[in-house]
Each structure stands twice: as C-alpha cells, then as structure tokens.
Amino acid sequence: MGSELMKIAEGFSIVAEGLRGLAKAEGGKKEKTVKEQKQDAAKAQPESVAEVQQESPATLEGIRALMAQKTQEGKSKEIKELLQKYGAAKLSAVKPEDYPALMQEAQVL
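Residues numbered from 1 in each chain as written. Predicted model: local features only at pLDDT ≥ 70, side-chain atom pairs only at ≥ 80, totals over all residues. Heavy atoms only, no water.

Let us look at the packing of helix 4 (residues 60-72) against helix 6 (residues 99-107). Interhelical geometry of helix 4 versus helix 6 gives an angle of 20° and a closest axis separation of 10 Å. One element, helix 4, and the other, helix 6, form an angle in the roughly parallel class. As for how helix 4 packs across helix 6, the hand of that crossing is left-handed. Here Leu60, Gly62, Ile63, Leu66, Met67 and Lys70 of helix 4 lie close against helix 6, whose contacting residues are Tyr99, Leu102, Met103, Ala106 and Gln107. Considering only residue class, the contact of helix 4 with helix 6 consists of 8 nonpolar, 2 polar and 1 charged. (Axes fitted to C-alpha atoms, helices over the stretch in contact; angles between N-to-C directions. Helix = DSSP H or I, 4+ residues; strand = E, 2+ residues; numbered from the N terminus. Parallel < 35°, antiparallel > 145°, perpendicular 65-115°, else oblique. Left-handed = near helix turned anticlockwise from the far one by under 90°. Contact = heavy atoms within 4.5 Å. Nonpolar A, V, L, I, M, F, W, Y, C, P; charged D, E, K, R; others polar.)

A word on the packing of helix 4 against helix 5 (residues 76-85). The packing of two helices is summarised by the inter-axis angle and the distance between the axes. One can describe the packing of helix 4 onto helix 5 by two numbers: an axis separation of 7 Å at closest approach and a directional angle of 140°. When the axis of helix 4 is compared with that of helix 5, the two are oblique. Where helix 4 abuts helix 5, its residues Met67, Lys70 and Thr71 lie against Ser76, Ile79, Leu82 and Leu83. Taken together, the residues of the contact of helix 4 with helix 5 break down into 4 nonpolar, 2 polar and 1 charged.

Reading predicted coordinates in detail is not appropriate for stretches of low pLDDT. Scored by pLDDT, the protein chain comes out at a mean of 78, with 72% of its residues at no less than 70. Mean pLDDT values for the elements of the protein chain range from 51 in helix 3 (residues 49-55) up to 91 in helix 5. (pLDDT = per-residue confidence, 0-100.)

We now examine the nonpolar core. Counting residues in each nonpolar core, the largest one holds 14 residues, and the members touching the most others are Ile63, Met67, Leu82, Leu83, Leu91, Val94 and Leu102. Among the elements that take part in this core, helix 6 stands out by supplying 4 residues, more than any other. Among all residues touching leucine 102, those that are not within four sequence positions of it are Ile63, Met67, Leu82, Leu83, Tyr86, Leu91 and Val94. (Core = buried A, V, L, I, M, F, W, Y, C linked by side-chain atoms within 4.5 Å. Buried < 20%, exposed > 50% of the residue type's maximum accessible area, 1.4 Å probe, protein only.)

Moving on, we come to the pattern of salt bridges. Within the structure shown, the criterion is met by 3 salt bridges. A salt bridge links glutamate 17 to arginine 20; the shortest N-O distance between them is 3.1 Å. A residue pair is termed a helical-turn pair when its members lie 3 or 4 positions apart in one helix, as glutamate 17 and arginine 20 do in helix 1 (residues 2-25) at 3 residues. (Salt bridge = Lys/Arg side-chain N within 4 Å of Asp/Glu carboxyl O.)

This brings us to the environment of lysine 75. The residue lysine 75 is located in the loop between helix 4 and helix 5 in this model. The class of lysine 75 is partly exposed, set by a relative accessible area of 23%. Distance in space between the C-alpha atoms of lysine 75 and leucine 109 is 7.6 Å, their sequence separation being 34 residues. Contact partners of lysine 75, with chain neighbours within four places excluded, come to Lys70 and Leu109.

For the rest of this paragraph, the subject is the environment of tyrosine 86. Mapped onto the fold, tyrosine 86 is located in the loop between helix 5 and helix 6. Look at tyrosine 86 and you get buried, because its relative accessible area is 17%. Taking the C-alpha atoms as reference points, tyrosine 86 and aspartate 98, 12 residues apart in sequence, are found 7.6 Å from one another. Once you skip the residues sitting within four places of it in the chain, tyrosine 86 turns out to touch Asp98, Ala101, Leu102 and Glu105. A polar contact of 2.5 Å, which involves the side chain of tyrosine 86, links it to the side chain of glutamate 105. (Polar contact = N/O pair within 3.5 Å; in protein donor to acceptor, adjacent residues only side chain to side chain.)

Spelled out as structure tokens, the structure:
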C-alpha cells in the first residue's frame, strides 16, 4: 500500500509542476477580483433605464422599468396622470399600440 501512495503522490507532483508551467506561460496574468469584475460589468451596462428604452422598442417590461425609475425620482403623481391620459388605472391596462407614445412621454417626465 505504501508504494501505491508514493505513486499517487508522484502523480500529484507532476500535475502541480504542469500547472506551474502553465502559470508562467501566461506571463503571470493576475485574475480579476470579484470587485473588479463587478466594476467592469457596471461600466458595460447602460447608465439609465432611458438609455435601454432608446435602444429597444417599447415593451411592457421596459415601460414598467422606466416608470419604476420615475417613481423613485418622486414622480408618482405624474405617472398616474400619464396612465389616466391613456385610459388606464394601471400599466397592464394600457393598450400595446400606445406603448411607444407612453414611453416617450414617460421619458420626459
């Protein structure tokens, strides 16, 4: 049994040496930390919901996100008035054909 353990240990040694060689071949590149990865991801994301809306067609989900942003900015009253303008008490009651116009008006609030 002792010789079998020695063979296993020798195998691990060979694997470790191979990994060291790979690390040196990569030029000692440092792996990014989780913090650095999050910062990179934040830079790649649009800065606001409005930017996302300008890049994509008006969808219920997009309008909902925009209105949530506007509500957080303290514009709840304006959002309610805008929905009433389109004959709806809540967003899900707005007609899909009104989405683009609603989106445009919500963006300027």
